[in-house]
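# Descriptive structure summary
As a plain string of letters, each chain reads:
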Amino acid sequence: QALVVVDISELTDPEGFKGVTGSPQTSPAGLAAQGGHYLVRTDKITAFDGTAPKRFVVIAFDSVEKAQTWNNSAAQAEINALRAKTTKSRSFVVESLAN
């Protein structure tokens, strides 16, 4: 399994960011159509140490390859560009431990 992490430290344009959260591409159904599902999608974060992000997302895929295919899709490229324009954030994929 692969996990995509999106760590948003700051919303520089909250109004513009609504284009990300309101997109059919980022809905649970839109994400499922691309082979992923949300494990975490929240702005309700309490820091134990350091500064908590403003928003945090974790998306599960069956493999790193499927996560890369999703991330490289034209629709997701538009979402990533809008996120980059409206936030200070980073995203990455990690392989999870086998259960």
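Our subject is the structure listed above.
On to helix 1 (residues 14-21). Within helix 1, the full set of buried residues consists of Gly16, Phe17 and Val20. Within helix 1, the buried residues cover an arc of 100° as seen down the axis, which keeps them to one side. Residues of helix 1 that are exposed and point more than 90 degrees away from the buried face comprise Glu15 and Lys18. In this structure, the buried residues of helix 1 make contact with strand 1 (2-11), strand 3 (55-61), helix 4 (74-86) and strand 4 (87-95).

Here the focus is the nonpolar core. With twelve residues, the main nonpolar core is built from Val4, Val6, Ile8, Phe17, Val20, Leu31, Val57, Ile59, Phe61, Ala67, Trp70 and Ile79. At the level of secondary structure, the elements contributing two or more residues to this core comprise strand 1, helix 1, strand 3 and helix 3 (64-72). Look past the residues within four positions of Ile8 in its chain and what remains in contact with it is Phe17, Pro53, Lys54, Arg55, Arg83, Thr87, Lys88 and Ser89.

What counts as what
Residues numbered from 1 in each chain as written. Predicted model: local features only at pLDDT ≥ 70, side-chain atom pairs only at ≥ 80, totals over all residues. Heavy atoms only, no water. Buried < 20%, exposed > 50% of the residue type's maximum accessible area, 1.4 Å probe, protein only. Helix = DSSP H or I, 4+ residues; strand = E, 2+ residues; numbered from the N terminus. Arc of directions from axis to C-beta. Contact = heavy atoms within 4.5 Å. Core = buried A, V, L, I, M, F, W, Y, C linked by side-chain atoms within 4.5 Å.

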